[in-house]
Amino acid sequence: MKACRVARGRIERAVDGRLAVEERFLLEEHLAACPRCAAEHARAAALAEALQRWPEPAGEEIDGERAVGAIRAAIAAREHAALRAARGRRRLALAGAAAGVAASAGIATILLRAGEPEVAAPAAPLEPAVAASPAPPPAVAVESDPDAPDPARLAAARNAVRASLAAAFAGFRDEADPRPPAARFDAATRELRRAHWPIPRLVEDLLADPDPALAAGAARYLGVRGDRASVLRLAAALPGAPAKAPLVRALGDRGPLAIGALGALLGDPAAGELAAAELARIGGPEAAAALEAEVRRQDSGSPRRAALLAHLAATGAASVESFLRLAAEDEEGAGALLDHLARAEGAAEELGRIAGSAGRRHPSSVLFAAVGRLQPSGALGWVEERTRESASRAAALECLAGWEGPEALEALLRIDARGAVPDAEIYATLDTLVERAPDRLAAFVEMQLARGDAAGAERLLHLLLVLENPWTGESLARIALADLLPAEDRQWAALAVGEVGRAADAERLAAGLPAIDRDERRLLAAGLISIHAHLGPAGAARALEGLEVPSPSRVLAALADASRRDARAGGLHRVARALDVAAGPRDTFSTRFVQ
């Protein structure tokens with residue numbers, strides 16, 4: 001038959017993946033109606049698969065003709081028995097399906113006939129009529145398309161698909177997950193699928209069904225079970241669809257395959273907002289690029305642009321590159337763009353990666369603004385490196401000064417250690433950091449002391465002594481009471497508490513003095529001087545009680561004298577001597593100064 005010749009010509013291209021979508025549909029319909037061509041298609045597919053898996057011999061041993069012949073013989077031997085068994089199973093399966101589907105009785109009869117080539121409509125009575133007349137009779141003159149399937153069988157299959165889809169998606173809400181009803185539909189049409197009916201193609205025909213619920217069900221089914229061709233059919237159905245939401249959501253269900261179709265809908269007044277939401281749900285760089293392109297087409301400050309930016313941020317880390325490009329193009333609106341970027345999940349980590357690996361492809365001003373807004377720890381190294389360049393040093397230090405976490409203090413210590421930045425700029429940055437978050441400085445100092453970083457603690461102490469910021473008092477008291485640094489450094493820290501600290505810092509010193517070794521007279525004296533400066537004679541007397549000095553009056557007199565004279569070094573010496581004398585010979589204080 002002509003139809004079989006055409007179909008067999010298409011089989012080779014179908015197996016090789018070179019058959020167009022339209023021809024594939026016709027082939028699938030013919031295979032469903034013609035067991036012989038279906039067997040030929042199965043044989044060709046099996047041969048192609050076997051050839052792909054066949055071990056490749058050495059070049060000099062290749063005998064292609066014999067290898068292909070052996071494969072064909074093996075396939076033919078297995079197929080002879082398999083086809084007979086398949087026919088029997090097919091009869092039983094179709095009979096069972098007839099009890100479960102409303103229109104299945106007629107379908108089972110038609111499909112069983114299709115499975116029996118010998119029962120096909122006889123062609124013999126037509127042959128004499130054709131042969132007896134030199135011209136074809138009127139009935140044959142209008143010959144039907146040989147590729148078209150039997151109309152009755154096709155109508156029965158379409159009715160079964162329609163009924164099964166309506167039952168599976170009954171009561172379905174548009175916002176719900178379409179996978180459960182799709183699974184129910186697949187179960188209901190299992191026998192049709194086994195008979196080689198192209199279910200996705202039949203469902204695509206229902207996209208224009210007059211029943212809105214059925215058309216919506218068809219769209220959502222194709223969204224989770226369709227293929228690339230289904231994306232084209234969904235997009236093609238949109239212009240004339242009375243309800244666009246199911247089609248747009250179905251495209252979103254197709255994921256990255258539908259990004260192009262969804263991007264084309266962004267300018268549609270009826271479907272653009274939903275298409276943007278679906279792109280945000282898909283996510284990834286391609287979806288972000290589609291939203292970015294639509295943002296550029298909107299007027300600055302328009303509600304539509306703001307909505308698109310929100311959807312762009314919803315794509316997560318993929319939106320970072322887009323926001324950086326948009327901010328570089330819109331200097332006035334860069335702040336609002338970075339506000340949207342800050343709300344994107346995973347944006348900080350991605351920004352840190354961009355700044356650390358290839359930050360120079362974006363303008364420095366935009367990157368500094370973004371890094372300062374999101375403060376990713378992965379970008380600190382990039383900020384430090386930019387302090388080496390005079391052109392970007394001010395922006396880098398300003399970015400660092402606004403940092404929230406303790407990492408900025410560590411970075412500043414490293415920058416100071418390199419010596420590439422003038423001291424005045426280091427002090428100004430540290431002063432801003434301390435003013436913005438005093439508690440952060442104390443916590444950082446405690447961390448430095450706990451991990452035994454003597455070099456870092458000493459460098460920080462020297463910066464704090466020069467800074468003379470009142471918020472540094474707590475940190476100075478912590479350094480003075482810890483035994484990590486040499487005693488001389490600690491006594492300078494204790495004296496600085498009296499000069500720049502607060503009463504609470506002096507109380508901290510008073511509570512910690514008893515733990516200091518009594519031989520550290522000058523350190524004890526420095527602490528007492530700062531306590532006297534903030535808490536007066538009464539506070540100093542309480543501190544002396546904690547030190548168990550038998551005769552504290554001499555020490556208190558030395559403290560008062562040191563305060564009046566305002567001579568830190570001399571006052572320190574006098575208070576230290578007074579501590580020795582006041583302690584007496586029974587105390588643990590050394591008397592070497594007195595001698």
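These figures come from a predicted structure and were not determined experimentally. (Residues numbered from 1 in each chain as written. Predicted model: local features only at pLDDT ≥ 70, side-chain atom pairs only at ≥ 80, totals over all residues. Heavy atoms only, no water.)

## Description of the overall build of the chain
Within the chain, the regular secondary structure consists of 34 helices and zero strands. A burial count over the chain gives 45% of its 595 residues as buried. Sequence-distant contacts in the chain: of pairs separated by 6 or more residues, those separated by 24 or more amount to 66%. Put simply, the chain shows about 29,700 Å² of open surface, and 54% of that area lies on carbon and sulfur atoms. (Helix = DSSP H or I, 4+ residues; strand = E, 2+ residues; numbered from the N terminus. Buried < 20%, exposed > 50% of the residue type's maximum accessible area, 1.4 Å probe, protein only. Contact = heavy atoms within 4.5 Å. Areas by Shrake-Rupley, 256 points an atom, 1.4 Å probe, with all protein chains shown as cover.)

## Thoughts on helix α12 (residues 212–225)
With 14 residues, α12 extends 20 Å between its outermost C-alpha atoms, agreeing within 8% with the 20 Å of an ideal straight helix rising 1.5 Å per residue. Where burial is concerned, most of α12 is hidden: 10 out of the 14 residues are buried. Along α12, the residues classified as buried are Leu-214, Ala-215, Ala-216, Gly-217, Ala-218, Ala-219, Arg-220, Tyr-221, Leu-222 and Gly-223. Those residues of α12 that are buried lie in contact with α8 (151–168), α9 (179–188), α10 (190–194), α11 (199–204), α13 (228–237) and α14 (245–254). The opening residue of α12, the one whose side-chain oxygen lies 3.1 Å from the backbone nitrogen of Ala-213, is Asp-211. (Expected span 1.5 Å × (residues − 1). Polar contact = N/O pair within 3.5 Å; in protein donor to acceptor, adjacent residues only side chain to side chain.)

## Let's talk about the side chain of Arg-201
When you line up the elements, Arg-201 lands in helix α11. Given the relative accessible area of 6%, Arg-201 is considered buried. Discounting chain neighbours no more than four positions away, the residues touching Arg-201 are Arg-24, Phe-25, Glu-28, Asp-227, Ala-229 and Ser-230.

## Quick word on the packing of aromatic side chains
As enumerated under the stated definition, the model contains three aromatic pairs in all. Measuring from centroid to centroid gives 4.8 Å for Phe-185 and Tyr-221, while their planes differ by 70°, and the two rings are edge-to-face. Linking Phe-185 in helix α9 with Tyr-221 in helix α12, this pair joins segments that are 36 residues apart in sequence. Summarising the burial analysis for this pair, Phe-185 and Tyr-221 share the class buried. Here the aromatic rings of Phe-368 and Trp-382 are separated by 4.6 Å at their centres, their planes lie at 40°, and the arrangement is tilted. Of this pair, Phe-368 sits in helix α22 (residues 364–374) while Trp-382 sits in helix α23 (residues 380–386), placing them 14 residues apart in sequence. Its end group placed over the ring of Trp-471, Arg-502 keeps NZ or CZ at 4.0 Å from the ring centre. (Phe/Tyr/Trp six-rings, centres within 6.5 Å; stacked < 30°, edge-to-face > 60°. Lys NZ or Arg CZ within 6 Å of the ring centre and 35° of its normal.)

## Topic: unusual backbone geometry
Of note in this structure, His-196 is not a glycine but carries a positive phi near 70°. Mapping His-196 onto the fold places it in the loop between α10 and α11. Even without glycine at this site, Glu-468 takes up a positive phi of about 55°. Secondary-structure assignment places Glu-468 in the loop between α28 (454–467) and α29 (473–481). Classification of Glu-468 by relative accessible area gives exposed; the value is 55%.

## Observations regarding the packing of α13 against α14
As a packed pair, α13 and α14 sit with axes 9 Å apart at the nearest point and diverge in direction by 160°. It follows that α13 is roughly antiparallel to α14 by the angle criterion. Where α13 crosses over α14, the two elements pack in a sense that is left-handed. Facing α13, whose interface residues are Val-231, Leu-234 and Ala-237, α14 presents Leu-247, Ala-250, Leu-251 and Arg-254. Taken together, the residues of the contact of α13 with α14 sort by class into six nonpolar, no polar and one charged. (Axes fitted to C-alpha atoms, helices over the stretch in contact; angles between N-to-C directions. Parallel < 35°, antiparallel > 145°, perpendicular 65-115°, else oblique. Left-handed = near helix turned anticlockwise from the far one by under 90°. Nonpolar A, V, L, I, M, F, W, Y, C, P; charged D, E, K, R; others polar.)

## Structural notes on the packing of helix α17 (residues 285–296) against helix α19 (residues 319–329)
Contact geometry of α17 with α19 gives a least axis separation of 9 Å together with a crossing angle of 20°. Relative to α19, the element α17 is oriented roughly parallel. Crossing of α17 against α19: the hand is right-handed. On the side of α17, the interface is formed by Ala-288, Ala-289, Glu-292, Val-295 and Arg-296, while α19 contributes Ser-319, Ser-322, Arg-325, Leu-326 and Glu-329. A per-class count over the contact of α17 with α19 returns four nonpolar, two polar and four charged.

## A word on helix α30 (residues 487–500)
Taking 1.5 Å as the rise per residue, α30 with 14 residues should run 20 Å; its terminal C-alpha atoms sit 20 Å apart, in good agreement. With 10 of its 14 residues buried, α30 lies for the most part within the structure. Taken residue by residue, α30 has Asp-489, Arg-490, Gln-491, Ala-493, Ala-494, Leu-495, Ala-496, Val-497, Gly-498 and Val-500 as its buried positions.

## Topic: the state of the cysteines
One pass over the structure, following the stated rule, counts zero disulfides. In this model Cys-34 remains outside any disulfide bridge; the closest cysteine sulfur is found in Cys-37, 3.6 Å from its own. Taking relative accessible area as the criterion, Cys-34 reaches 12% and is therefore assigned buried. Judged by relative accessible area, Cys-37 falls into the buried class, the value being 0%. (Disulfide = S-S within 2.5 Å.)

## Here's the deal with the confidence of the model for the chain
Low pLDDT means the predicted atomic positions in that stretch should not be read closely. Here the chain shows a mean pLDDT of 81. Residues at 70 or above account for 77%. In this model residues 86–146 is a low-confidence stretch, pLDDT under 50, and it forms 43 contacts with partners more than four residues away in sequence or in other chains. (pLDDT = per-residue confidence, 0-100.)

## Some thoughts on the environment of Leu-232
Looking at the secondary structure, you find Leu-232 in helix α13. Looking at Leu-232, the relative accessible area reads 62%, which means it is exposed. A C-alpha to C-alpha distance of 8.7 Å links Leu-232 and Ala-258, two positions 26 residues apart in sequence.

## Digging into the pattern of salt bridges
Opposite charge on two side chains lets them pair, provided their charged atoms get close. Taken as a whole and assessed by the stated rule, the structure comprises 35 salt bridges. Two residues, Arg-233 and Glu-204, come together in a salt bridge whose shortest N-O distance is 3.0 Å. Of this pair, Arg-233 sits in helix α13 while Glu-204 sits in helix α11, and the two are 29 residues apart along the sequence. On the basis of relative accessibility, which here comes to 34%, the residue Arg-233 falls in the partly exposed class. Note that Arg-414 and Glu-384 form a salt bridge whose closest N and O atoms lie 2.5 Å from each other. Within this pair, whereas Arg-414 is found in helix α25 (residues 407–418), its partner Glu-384 is found in helix α23, the two being separated by 30 residues in sequence. Taking the relative accessible area as the measure of exposure, Arg-414 reaches 38% and is therefore partly exposed. On the accessibility criterion, Glu-384 (7% relative accessible area) is buried. Through salt bridges that share partners, Arg-158, Arg-201, Glu-204, Asp-205, Asp-227 and Arg-233 make up one connected network. (Salt bridge = Lys/Arg side-chain N within 4 Å of Asp/Glu carboxyl O.)

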